[in-house]
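# Analysis of the macromolecular model
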Amino acid sequence: MRKFFAFRRYLRRCKGFFALGLLAGFFAALASGAGVPYFIKIVFAEVFESTDSQYSAMAIFLIAAQLPGVFLIRGASGYLNQYWMNYCGLRVLEGIRGDLFSKIQHLPLAYHDENKSGDLLSRILSDTTLLQFTLQESANDLFRQPMQVVFAFATLVFLSLQEKDAAIIVLICAGGPLAMIPVFFIGRRLKIRGLEMQEAQADMTQCLNENLEGATEIRTFNLQDQQISFFQALLGKLFRSQMKVVKYERLTQPLIEFLSSALVAFSFVYCYLEGVPFSTFMALGGVLYMTYDPLKRIFRVYGNIQKCQGAINRINDILHKMDSIQDPENPRPAPQGKSSIRFENVSFAYTEAPVLQEIEAEIPAGQVVALVGPSGAGKSTFAKLIPRLYEVTSGSIRINGTDIRNFLKWDLRDHIAIVSQHPVLFNDTLYNNIRLGRENASAEDVYRAAQNAFAHSFISELEKGYQTLAGERGDRLSGGQKQRIAIARAFLRNSPILILDEATSALDAQSEEEIQRALNSLVVGKTVIIIAHRFSTIRLADRIFVFEKGKLTAKGTHDELYTHSPLYAELYDKQL
Ligand code: ADP
């Protein structure tokens with residue numbers, strides 16, 4: 001419960017509307033709790049049971065008009081109450097989703113390795129919606145319904161005192177706690193089932209996400225039927241968990257209704273034996289309904305909060321996740337100009353198994369180093385440690401002599417440009433996709449960068465040129481074209497340190513040639529690390545590092561390594 005109410009902080013953004021909503025709820029509760037029994041006992045009874053039945057037509061009309069009047073107040077205040085509460089609920093949803101999204105932007109890559117993207121999607125979309133619904137309903141009901149109970153109960157006391165009979169109050173008071181027992185039992189069940197339901201929802205979103213991302217593989221490997229039956233199985237699992245929730249959720253209301261009808265029957269017998277007049281009995285019935293209906297709703301809120309616990313935990317997992325790669329308390333000034341990089345006894349593991357072990361390496365400013373070695377040897381990991389995408393397990397990495405953990409992450413990353421193997425193009429124009437490289441770049445800078453990257457000519461040939469939309473995940477461009485856009489970004493960024501992750505898949509001869517020429521000019525004057533999966537870029541390198549099973553086993557020029565490193569010679573010959 002405490003975790004649930006912690007989310008009320010999001011209501012701060014709309015306190016005014018929230019207060020108005022509560023006020024409207026107050027009037028709705030007053031009209032329901034006291035207004036309806038008032039009519040039954042005072043107004044109708046006065047008219048029907050009075051001895052002098054000499055009401056003028058006008059008087060009867062005025063009395064009658066009060067009934068729709070009360071319901072108008074009840075309806076209008078109820079409507080405003082719902083409207084403002086929905087407003088607040090949706091604002092809360094907006095706030096939580098915004099916070100989750102910002103949090104995910106800053107969490108380290110390791111977090112994304114551990115959490116499937118479909119699961120994250122589900123947390124941001126589905127868990128938050130459940131939480132919003134529950135918050136909104138409960139913020140309203142937890143105020144309005146108790147109010148109604150108070151008003152109805154006050155009317156009950158008033159009526160009982162009039163009849164000089166307190167036994168009925170006792171009778172009705174006893175009913176409440178009695179009804180709690182099954183409700184708490186059901187609440188516990190709902191908590192467990194609710195978590196299962198949200199997890200099933202996450203599995204389904206994950207499957208959907210993978211399916212959409214793997215559209216090509218599914219077609220080429222004829223996986224459609226397999227995917228359909230897999231998805232069907234997940235749908236079935238979700239259905240079953242949803243039905244379990246429904247089973248318990250829908251049990252509270254009939255239980256409470258049954259209990260309250262039993263109480264009405266009791267009071268009927270009691271009133272009959274005690275000779276209580278019919279109008280009082282009817283009013284008591286009205287009061288009972290107006291008391292138990294809100295109780296029913298309060299218990300429903302309780303059940304909903306229980307059902308929501310799983311979603312809350314899944315949201316809190318993200319919101320309270322500590323960023324394992326922190327900025328230093330007293331950061332050093334951002335690195336400037338040409339930069340040397342030094343690995344001092346660096347070891348690293350993604351999980352338990354060491355991926356890099358005791359790496360010692362020095363890359364002087366302005367030097368181009370190529371990393372070679374069998375796949376899985378740790379080349380990409382070596383490069384990812386430099387911008388602190390992952391944190392070293394032991395040892396340190398220094399730029400111009402300063403440990404990179406002493407820089408702000410923003411400053412450090414601003415100093416480094418990365419051209420990745422599979423560059424991601426956002427669903428925006430090509431112009432804006434290149435301009436990501438430097439926020440304040442002028443149009444001229446963007447065009448020059450594209451020219452340097454040999455991207456200008458193919459972009460100009462497109463119908464809309466630089467204004468062409470890259471399409472979802474840049475699917476409308478070839479691999480070589482995407483690489484050249486990524487190189488244009490790097491030209492624009494012009495960072496002193498450059499990390500090139502060479503594409504593993506072969507490019508067509510012209511792309512290959514143009515990319516090589518682009519890279520030739522891109523690397524000038526920079527400290528460059530090339531992850532050479534295919535050796536084709538090795539010509540650019542001043543020096544080569546050979547990786548083998550997480551260890552840096554040899555360093556040198558091509559000629560030195562070819563004669564002294566059997567692994568290098570073997571890899572090189574194989575490629576040729
Ligand atoms: P290379 O670039 O030389 O092919 P990597 O640096 O990509 O090698 O990988 C080195 C080792 O680390 C491999 O065994 C790989 O399976 C593992 N690895 C790479 N990325 C991750 C990750 N995000 N989580 C866990 N293990 C990883």
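Calculation criteria
Residues numbered from 1 in each chain as written. Predicted model: local features only at pLDDT ≥ 70, side-chain atom pairs only at ≥ 80, totals over all residues. Heavy atoms only, no water. Helix = DSSP H or I, 4+ residues; strand = E, 2+ residues; numbered from the N terminus. Buried < 20%, exposed > 50% of the residue type's maximum accessible area, 1.4 Å probe, protein only. Contact = heavy atoms within 4.5 Å. Areas by Shrake-Rupley, 256 points an atom, 1.4 Å probe, with all protein chains shown as cover. Lys, Arg positive; Asp, Glu negative; His and termini not counted. Charge placed at Lys NZ, Arg CZ, Asp CG, Glu CD. Salt bridge = Lys/Arg side-chain N within 4 Å of Asp/Glu carboxyl O. Pairing = 2+ DSSP bridges. Phe/Tyr/Trp six-rings, centres within 6.5 Å; stacked < 30°, edge-to-face > 60°. Lys NZ or Arg CZ within 6 Å of the ring centre and 35° of its normal. Domains from an automatic or database assignment. Buried area = accessible area lost by both parts, 1.4 Å probe. Polar contact = N/O pair within 3.5 Å; in protein donor to acceptor, adjacent residues only side chain to side chain.

### Thoughts on the overall build of the protein
The helix and strand inventory of the protein stands at 19 helices and 10 strands. Within the protein, buried positions represent 48% of all 576 residues. A separation of at least 24 residues holds for 79% of the contacts in the protein among residues at least 6 apart in sequence. Accessible surface, the protein: about 29600 Å² in total, of which carbon and sulfur atoms supply 59%. Here the protein contributes 61 positive and 57 negative side-chain charges, whose respective centroids are spaced 3 Å apart.

### Some details on the pattern of salt bridges
Taken as a whole and judged by the stated rule, the model has 21 salt bridges. Residues D203 and K237 are paired through a salt bridge, measuring 2.8 Å at the closest nitrogen-oxygen approach. Remark: K237 occurs in helix α8 (residues 224-249) and D203 occurs in helix α6 (residues 167-213); sequence separation between them is 34 residues. Among the residues examined, D203 registers a relative accessible area of 25% and is labelled partly exposed. For K237, a relative accessible area of 38% gives the class partly exposed.

### Notes on the side chain of Q227
Structurally, the position occupied by Q227 is in helix α8. The residues contacting Q227, other than those within four sequence positions of it, are N211 and I218.

### Thoughts on the pairing of strand β9 (residues 543-548)
The sheet contact formed by strand β3 (residues 368-372) and β9 spans 4 bridges and is parallel. Residue pairing across strands places V372 opposite V546, the latter belonging to β9. Note: β9 against strand β10 (residues 551-556), 5 bridges, orientation antiparallel. Pairing of I544 across the sheet is with G556, part of β10. Taking the residues between adjacent antiparallel strands as the criterion, β9 and β10 are bridged by 2 residues, where K549 takes a positive phi near 45 degrees.

### So, the packing of aromatic side chains
The full count for this structure, using the stated rule, is 17 aromatic pairs. Summarising the aromatic geometry, the rings of F7 and Y10 are spaced 6.2 Å apart at their centres and angled 20 degrees between planes, so their arrangement reads as stacked. A residue is classified by how much of its surface remains accessible, and Y10, at 6% relative accessible area, is buried. Judged by centre distance (4.4 Å) and plane angle (55 degrees), the ring pair of F17 and Y87 falls under tilted. Placement of the pair is F17 in helix α2 (residues 15-49) and Y87 in helix α3 (residues 57-106), with a sequence separation of 70 residues. On the accessibility criterion, F17 (33% relative accessible area) is partly exposed. Aromatic rings pair up to connect F343, F382, F545 and F547 into one cluster. Sitting above the plane of the F7 ring, R9 keeps its charged end 5.6 Å from the centroid.

### Thoughts on the domain arrangement of the protein
When its domains are assigned, the protein resolves into domain 1 (2-319) and domain 2 (341-575). If you average the C-alpha positions of domain 1 and of domain 2, the two centres end up 55 Å apart. Each partner contributes residues to the interface: domain 1 has 5 residues there, and domain 2 has 4 residues. Both faces considered, domain 1 and domain 2 share a buried interface measuring about 370 Å² in area, 48% of it formed by carbon and sulfur atoms. The largest contributions to the domain 1 side of the interface with domain 2 come from L109, D113 and E213, which together make up 74% of the buried area. Where domain 1 touches domain 2, the interface holds 1 residue pair in polar contact (both at pLDDT 80 or more).

### Regarding unusual backbone geometry
Residues other than glycine seldom take positive phi values, yet N345 does so here, at roughly 50 degrees. Examined against the element boundaries, N345 turns out to sit in strand β1 (residues 341-349). Under the relative-accessibility criterion, N345 is labelled partly exposed at 40%.

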